[in-house]
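What follows is the residue order along each chain.
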Amino acid sequence: MSKQSTIPQHVAIIMDGNGRWAKQHGKERYEGHIAGVESVRCVVRAAVMHGVKWLTLYAFSTENWGRPIAEVNAIMELFCKSVVGEAPDLKKQGVRVMIIGERTHFSDKVLEMIDQIESVTAEGNRLTLVLAFNYSSRREIMLATKAIAHKVAAGEICSEEISEQTISQHLMTHAMPDPDLVVRTSGECRLSNFLLWQASYAEFYFPEVLWPDFDEKEFAKALEVYASRERRYGLVIEE
Ligand code: IPE
Ligand code: IPE
Ligand code: MG
C-alpha cells in the first residue's frame, strides 16, 4: 500500500471528554474544561512544530447552549480568561486566531474578546488556529443556502452557475482549506454537527484518550496515523 507521507495541511479536532475526565478525578465538569486549556496549548505548540498550517478546534457547539447554565457560563468565562492569558504567547508563536460560528447569544464581553483575539493575532503566519465557537455545520449550510438564494433572487448569480465551489465560498470556512484529518478524542465516533460539508474526504481518527489527557505525544500519534492512511478520493491507486 502506498503511504501518505505528508503532514496534513489542516487538522480539525473535536475536543471531547472534559466532563468524563473531571468525573474520573472527582472534580466538577467545569474543572475538566479548565484542564482542557492545557491540551489546547500543547496541540498549538505541536502543530506549529510539525508544520501543520491550519488547526481547527471544536470548542462549543450551538447545541451546547442547552447545557446547565452554570457550565455554559464557566465555558464563556474560560474563553475570556484564555484570550487574555494566551494572546501574548500565541502572537509570539506566529499563530493567527480565527473564530467560526454564529456571533449570536454571546455576551458583549465574549464578543469583545472574539474581536480582540482576532485582531491582536491577525499578523500570525505560521499557523491559523480556528476556534469553532457557537458552531453548527447544519446551520452553516442552511445560512449559506439562504445567502445564495438571496443572490439568485437579486440577479447576482444565475441558478445554473451554482457549483460546489459556490457553496464552499458561502460557508463560514470559505477562507480555509478542507480538513485532511479529523480527530475526536474520548472514544466517541461521531461528528456532532462539525464540518459536515468540509470533511467529505477527510481521514478520521478516534483515540480513546480524554481531551485533558491529549498532549504533544498524542498529536504526534495522530499525525502518524494520518501518514499511514491511503487517500483514494474514489479513484483506483496503482500499486
Ligand atoms: C467537550 O467535553 C467540551 C465541550 C463540549 C464544550 P464534554 O464537556 O462534552 O465532556 P464529556 O463528553 O461530557 O465527557
Ligand atoms: C461536541 O461534543 C462539541 C464539542 C466538542 C465542542 P459534545 O459532547 O457536545 O457532543 P455529543 O453531545 O456527545 O454528541
Ligand atoms: Mg462530550
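Everything below is about the structure shown above.
### A closer look at the pairing of strand β3 (residues 95-100)
Point 1. Of all the six residues making up β3, five are buried; the element is thus mostly covered by neighbouring parts of the structure.
Point 2. Pairing between β3 and strand β4 (residues 127-135): six bridges, direction parallel. Note on β4: the bridge partner recorded for I100 is A132.
Point 3. Viewed along the sheet, the connection from β3 through helix α4 (residues 108-120) into β4 turns out left-handed.

### A closer look at helix α5 (residues 137-153)
Point 1. When the terminal C-alpha atoms of α5 are compared, their 24 Å separation across 17 residues agrees well with the 24 Å that a helix rising 1.5 Å per residue should span.
Point 2. Residues S137, E140, A144 and I148 constitute the buried set of α5. Projected onto a plane normal to the axis of α5, the buried residues spread over an arc of 70 degrees and lie on a single side. Residues R138, H150 and A153 are exposed on α5 and point more than 90 degrees away from its buried face.
Point 3. Tucked into the core, α5 has its buried residues touching β4 and α6 (164-169).
Point 4. Following α5 by one or two positions, G155 adopts a phi angle in the positive range, close to 80 degrees.

### Topic: the site of ligand 1
Point 1. By nearness alone, 13 residues border ligand 1, and D16, G19, R20, R29 and R67 come closest of all.
Point 2. Here an oxygen atom of ligand 1 sits 2.9 Å away from a polar atom, N or O, in the side chain of D16.
Point 3. The separation between an oxygen atom of ligand 1 and a polar side-chain atom of R67 is 2.7 Å.
Point 4. Notes on ligand 1: free accessible area 380 Å², of which the protein chains cover 85%.
Point 5. Of all the secondary structure elements, the ones that give two or more residues to the shell around ligand 1 are α1 (18-24), α2 (29-50) and α3 (69-92).
Point 6. The element contributing the most residues to the shell around ligand 1 is α1, with three residues.

### Comments concerning the sheet that holds strand β6 (residues 203-205)
Point 1. In spatial order, the strands read β3-β4-β2-β1-β5-β6; together these six strands make up an open sheet with parallel pairing. Of all the strands in the sheet, the pair left with one neighbour each is β3 and β6. Here the strands of the sheet are splayed against their neighbours by 20 degrees on average, with no regard to which way each runs.
Point 2. Together, β2 (54-61), β3 and β4 form the strand contacts of α3, whose direction differs from that of β4 by roughly 165 degrees.

Scoring rules and cut-offs
Residues numbered from 1 in each chain as written. Chains lettered and ligands numbered in written order. Predicted model: local features only at pLDDT ≥ 70, side-chain atom pairs only at ≥ 80, totals over all residues. Heavy atoms only, no water. Buried < 20%, exposed > 50% of the residue type's maximum accessible area, 1.4 Å probe, protein only. Helix = DSSP H or I, 4+ residues; strand = E, 2+ residues; numbered from the N terminus. Pairing = 2+ DSSP bridges. Right-handed = clockwise from strand over helix to strand, strands pointing away. Expected span 1.5 Å × (residues − 1). Arc of directions from axis to C-beta. Contact = heavy atoms within 4.5 Å. Near = heavy atom within 4 Å. Polar contact = N/O pair within 3.5 Å; in protein donor to acceptor, adjacent residues only side chain to side chain. Areas by Shrake-Rupley, 256 points an atom, 1.4 Å probe, with all protein chains shown as cover. Axes fitted to C-alpha atoms, helices over the stretch in contact; angles between N-to-C directions.

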